[in-house]
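# Chains, contacts and geometry: an overview
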Amino acid sequence: MRNISTIFKREFLAYFNSPIAYVVAIVFLLVNSGLWLFMSNFFLMRMAEMRLFFGILPITLAVFMPAVTMRMWAEERRTGTIGLLLSLPARNHELVLGKFLASLLFYLVMLAGTVTIPLMIALAGDPDFGPILGGYIGSIFLGAFFLSVGLFVSVLFKDQILALIVSIVLCLGFYLLGTDLVAMPLDGWTGGLGTAIKEAVGVAWRLQSVERGVLGLGDVIHFVSFTAGFVLLNVYAIESRVRMRGASLFPAGVALVLAIAIAVSVAASEMSLPRFDMTEGGVYSLAAPTRRVLAGLKAPVKVHYYVTPRDRMPTYMNMKNLERDVRDKLEEFVEYSHSLTYEIIDPTVDVETQNKLQARNIVPFTAQSVQRDSREARLIYSAISISYLDKKEEILPRVIPQTLGQLEYELISRIYRMTLEDKPTVAIYAPLQYRDPNMRDETYRKMMAMRGIPVPPPEDRFSLVKRLLSGEGYHVVPVKLEGAAKIPARARTLLVLEPEELKPEQVREIEKFVAGGKNLFLALQKHTFRYMAAPRGGWSVIPTRVNSGMEPFLRKFGLSVADSILMDKNSQMVQMNRRAGQWVFREPVSCPVQIEVIPENMNKETGITDRLSGLAYFWGGALTIDEKALEKAGLKAKRLFTTSAGAWSLAGKTTPLMPQDIDPALHKKKGRRLLAVYLEGQAPGGRDKNTTTEVIVVGCAEMFSDDLLRGLSNATFLLNSVDALTLKENLSSVRTKGSVVRMIGDLTDGQKLFYRFLVLGLVPIILVALGITRSIIRKRRRAAYLKKFSQ
C-alpha cells in the first residue's frame, strides 16, 4: 500500500504542477455545463432534472478521459523515465494502481465541479434527487472504465497524441456498441449479433436504469469487471511490452482477459440480482396499495403473458428485452402474493393457439424492424390476460416498452376490480352545452341566425369523462337529477360537472344522495369567456356570468365560490382560429384567466394530487372556506391545490377585459387562492352519525371538458378523485408513479443571470484562483531553494 500511495501522490500532484490540468478541468466544466449543452435548454424546458446533462456526459467523457490519461505512460516512455520508474522497489500492479487512482481522483475533482447544477435546480425547483444521484454514480463508473481504457492504451504508445486518438476511438466504440444505432443494423444482417454485443460490452444501455434512479447490481458488476479487466491488461502490458517478458503471448492474454470480463457481465445479466430504487417515493418499486391488494388476495389469480420469442423481436426501442422486463415485474408481484401465478407463453408455436387467442381478442400488432438496411413491418405478440374465479377475463392487448411505466397500475387496477363483488357504479350529471363558448351567448346565436349561419345544437362537452371512466372499469350512468333519470341506488359516487341554473328539486336530489353516506365530486364555473378577434389584431376576452344554483348547497358545507374573476401570472396560451377572408389561421392567445397550476402548489400529502405534473385550470374561480360553518357541520377540509402567490381577483364584469385588468403589475393585492378542496365527515342533514361522506369541490369545470381533459394532468386528477371517492383501496398513487414532470418556478432575469454565473463562472474562477496561488507558492519555494543552494 505504501508504494501505491507514493505513486498516487506523485501522479496526482503532477496534474496541478502545470496549467494543463486547470485548462482541462475548466474546459470540461464549460463543455458539460455550458450554454450550448445544458443551460440554453434548461431555462426553456424548465424541467427540474439533469437528464439532458447526463445524456451528453458519456460523449464528453470519451474525449476527456483519454486526455487525462494519455501522458501517464506515453510520456514516461518518450522521455525514458519509465526505466527509472520500473527500477523502483514497486511491483507492476502497484505502479498501475497508483496511476489509475490518481487519474480517478482527478476526474472526481472535475466531476465535483458540476455539483453547482443540482444546487441550482434545488434552488429553482423541487427535483427528485434519486435520478440525479444515480446519474452521478453512473458517471463515476463510466469515467473509471474510460480511464482504465486510456491507461491501457497509453502504455502501448510513446506518442501521446496517438494514444489519445486510439483511446477516444475505443471509448466511443464501447459507448456506441450499447446503443440501437449500432445494434439495429447488425441485427438486420446477422440475426441478433448486434443485441448480443450491445448487452455484452456496450455501456450506453447500462446507464439507462441508473440515470432513472435505479442502481442494478448487474450494471455495477459490468463496469467493475471491465474496469478491473483493463487495469489487469495494463499490468500485463508493462510486463510484456515494456519488460519484454512473454511479448508473443500478449494478444492471447488480452483476448483471454476481455473474454473473462464479457463472461462475467453476461452471467450477471442473466441472473436475477437486486436493484436499489433511489427515487423519491420508490417510483420503480411496488407501491404500498399494490402490496396491500396482493396480500389480500383470497383466491388464485392467473396471469398469462403471450409474447413473441426474443430472437424474433425487433431491436427497435429495446423490444428484445421486453419479455425480461415484464417477467421481472411479475416476479415482484409473486413475491407479495402466493395466490398470484404467471406463465409466459409463445403464441407462435402453432396456428391453433393463435386462432384461440384471436377469439379472446389477443392479436399480434405491427412493430418496426430493420432487416438488411431496409425497414419492414413485423407482427409480434405482447399481451397479458388476467383470470380470477369466474369473472370475465381482463386483457392488456399491447404491452410495449413505452408503457412499462404504467404496467404496475394496469395490472393491479384490473386485479383489484376483479376482486370486487360488483362493478363500481358512478353517476354523472353533465348537461348538454354549446362547445363554442361564443355560442353560449344568446345574442351571438341570434346574430348567427340573422346572417343565415346554422346554429349547431348543444352537445355533451364531457363525453371524454364518461369514456375515460368506462375504460377504467367503472359502470357510468348519466343522470338528469329529475324525473325517471334519477341517481341509481347502486351508485357510490356522483359527478356533477358544470351545473347551470339547477332547479331546487335537482339540488335536493343531490343533498339526499350525499346525506345517505354517498360521495360527491362537484366541479362548477362562475364565469365562462368568449374570445372575439379584434379587427386590428389581438383578441377581446369577454366574461359571461354563470349561475350554477349550487350556492345554498355549498354554504351548508362551509364553502362558497367567489363571484370575482380569478387571474394568475402562471397561465397558459390557447390556440384560437382567426379568419382572414377565406383563410383560417391558428393564433396563440395569452390571458391570465387561463390558469396553470404547477406541482409546487399541490398537496403532496394526498395521492389525489401528489405527483401530478400540472393542471390546466381555465376560467375557474376561487373557493372560500367558512371555518366556523365547517366546524359546526363537523367536517374536515383538506386543501388539494391553490394558485400561485401571484394571483389576483377582478370584480365581476360582463364587458371585455381591458389591458389594465390583466396586467399583474397593476394589481397589488396578490396571493394564493384555494381552487379545490376535499371534505370528509357527516353530511349536513345526514341521519346516521356513523355514516361518513366525502366531497371534492373544484371551482372549475372547464378543465374536465373534452377540449381540456387531456391537458397536463387533468385526466389523472379526475381519475384519482373518483378512485378516492369510490374505491376502498385508493390506487391513485400507483397511477401517478413516474408520470410527474417536475418543473422549476418562474425566474426573473436577475435570477437566471445568477444561476448562469453559479454554474458557468463560480467553479472556473475558483480553479483559476487556485492555479495562480499554487503557481506563486511553487515559484517562491523554487526561489528559496535556489537561494539556499547558492549559499
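Everything below is about the structure shown above.
Here goes a summary of the coordinates provided. None of these values were measured; they are calculated from a predicted model.

## Overview of the pattern of salt bridges
Enumeration according to the criterion identifies 29 salt bridges in this entry. Across the salt bridge formed by Arg10 and Glu11, the nearest N and O atoms sit 2.4 Å from each other. Arg10 sits in the partly exposed class, given a relative accessible area of 41%. Arg639 serves as the salt-bridge partner of Glu627, at 3.2 Å between the closest nitrogen and oxygen. Taken together, the residues Glu627 in helix α23 (residues 627-633) and Arg639 in strand β21 (residues 635-642) connect sequence positions 12 residues apart. A residue is classified by how much of its surface remains accessible, and Glu627, at 45% relative accessible area, is partly exposed. On the basis of relative accessible area, Arg639 is assigned to the partly exposed category, the value being 41%. What emerges from the salt-bridge pattern is a single network uniting Arg10, Glu11, Arg71, Glu76 and Lys99.

## Quick notes on helix α18 (residues 407-419)
The end-to-end C-alpha distance of α18, which contains 13 residues, comes to 19 Å, matching closely the 18 Å that a straight helix rising 1.5 Å per residue would cover. With respect to burial, α18 is a largely interior element, 11 of its 13 residues being buried. Among the residues of α18, Leu407, Glu408, Tyr409, Leu411, Ile412, Ser413, Arg414, Ile415, Tyr416, Arg417 and Met418 are the ones counted as buried.

## Topic: the pairing of strand β11 (residues 493-497)
Counting buried residues along β11, five of its five residues qualify, which places the element largely inside the surrounding structure. By the alternation rule, side chains of β11 split into Thr493, Leu495 and Leu497 and Leu494 and Val496, which are all buried. Of the pairings in the sheet, the one linking strand β9 (residues 425-429) to β11 comprises four bridges and is parallel in character. Within β11, the position partnered with Tyr429 by the bridge is Val496. The sheet contact formed by β11 and strand β12 (residues 519-523) spans five bridges and is parallel.

## Description of the packing of aromatic side chains
Centre distance and the angle of the planes are the two values used to describe a pair of aromatic rings. Overall, the coordinates contain 27 aromatic pairs when judged by the stated rule. Relative to Phe230, the ring of Phe174 lies with its centre 5.9 Å away and its plane at 90°, an arrangement referred to as edge-to-face. In this pair, Phe174 is assigned in helix α9 (residues 160-176) and Phe230 in helix α13 (residues 217-242), connecting sequence segments 56 residues apart. Given a relative accessible area of 4%, Phe230 falls into the buried group. Measuring from centroid to centroid gives 5.5 Å for Phe521 and Phe704, while their planes differ by 70°, and the two rings are edge-to-face. Remark: Phe704 occurs in the loop between β24 (693-698) and α25 (714-726) and Phe521 occurs in strand β12; sequence separation between them is 183 residues. Overall, the relative accessible area of 0% leaves Phe521 in the buried class. Each member of the aromatic cluster is reached from another via a ring pair, and the members are Phe145, Phe146, Phe152, Phe174, Phe226, Phe230, Tyr236 and Phe250. One Lys or Arg, Arg71, reaches over the ring of Tyr15 and ends 5.8 Å from the middle of that ring. Sitting above the plane of the Tyr474 ring, Arg417 keeps its charged end 4.9 Å from the centroid.

## Some details on the packing of helix α2 (residues 19-33) against helix α6 (residues 92-112)
Axis separation between α2 and α6 bottoms out at 9 Å; the angle between their running directions is 45°. Looking at the two axes, α2 sits oblique to α6. Our pair here, α2 against α6, has a crossing hand that is right-handed. Contacts between α2 and α6 involve Ala21, Val24, Ala25, Phe28 and Leu29 from the first element and Phe106, Tyr107, Met110 and Leu111 from the second.

## Concerning empty space enclosed by the protein
Applying the stated criterion across every chain yields a total of two cavities of 30 Å³ or more. Estimated volume of the largest cavity: approximately 40 Å³. Lining of the largest cavity is provided by Ile137, Gly138, Phe141, Arg206, Leu207, Val210, Leu215, Asp219, Val220 and Phe223. If you list the elements that add at least two residues to the lining of the largest cavity, you get α8 (129-154), α12 (204-211) and α13. Class assignment for the residues of the lining of the largest cavity results in seven nonpolar, one polar and two charged. As a volume, the second largest cavity reaches approximately 40 Å³. Taken together, Lys526, His527, Phe529, Ala562, Ser564, Ile565, Leu566, Trp619, Gly620 and Gly621 make up the full set of residues lining the second largest cavity. For the lining of the second largest cavity, the elements supplying multiple residues, two or more each, are β13 (527-533) and β16 (565-568). Considering only residue class, the lining of the second largest cavity consists of five nonpolar, four polar and one charged.

## A few points about the sheet that holds strand β4 (residues 340-345)
The four strands lie next to each other as β4-β3-β7-β8, forming an open sheet whose pairing is mixed. Across the chains shown, the open sheet's two edge strands, defined by having one partner strand only, are β4 and β8 (394-396). Within the sheet, the average angular offset between the axes of one strand and its neighbour, ignoring direction, is 15°. Relative to strand β7 (residues 382-388), strand β3 (residues 301-307) runs antiparallel, the two being bridged by seven bridges.

Thresholds applied
- Residues numbered from 1 in each chain as written.
- Predicted model: local features only at pLDDT ≥ 70, side-chain atom pairs only at ≥ 80, totals over all residues.
- Heavy atoms only, no water.
- Salt bridge = Lys/Arg side-chain N within 4 Å of Asp/Glu carboxyl O.
- Buried < 20%, exposed > 50% of the residue type's maximum accessible area, 1.4 Å probe, protein only.
- Helix = DSSP H or I, 4+ residues; strand = E, 2+ residues; numbered from the N terminus.
- Expected span 1.5 Å × (residues − 1).
- Pairing = 2+ DSSP bridges.
- Phe/Tyr/Trp six-rings, centres within 6.5 Å; stacked < 30°, edge-to-face > 60°.
- Lys NZ or Arg CZ within 6 Å of the ring centre and 35° of its normal.
- Axes fitted to C-alpha atoms, helices over the stretch in contact; angles between N-to-C directions.
- Parallel < 35°, antiparallel > 145°, perpendicular 65-115°, else oblique.
- Left-handed = near helix turned anticlockwise from the far one by under 90°.
- Contact = heavy atoms within 4.5 Å.
- 1 Å grid on protein atoms, 1.4 Å probe; cavity = no way out; pocket = protein on both sides within 12 Å on 5 of 7 lines; lining within 4 Å.
- Points joined across faces, edges and corners; volume = space filled by probe spheres on them.
- Nonpolar A, V, L, I, M, F, W, Y, C, P; charged D, E, K, R; others polar.

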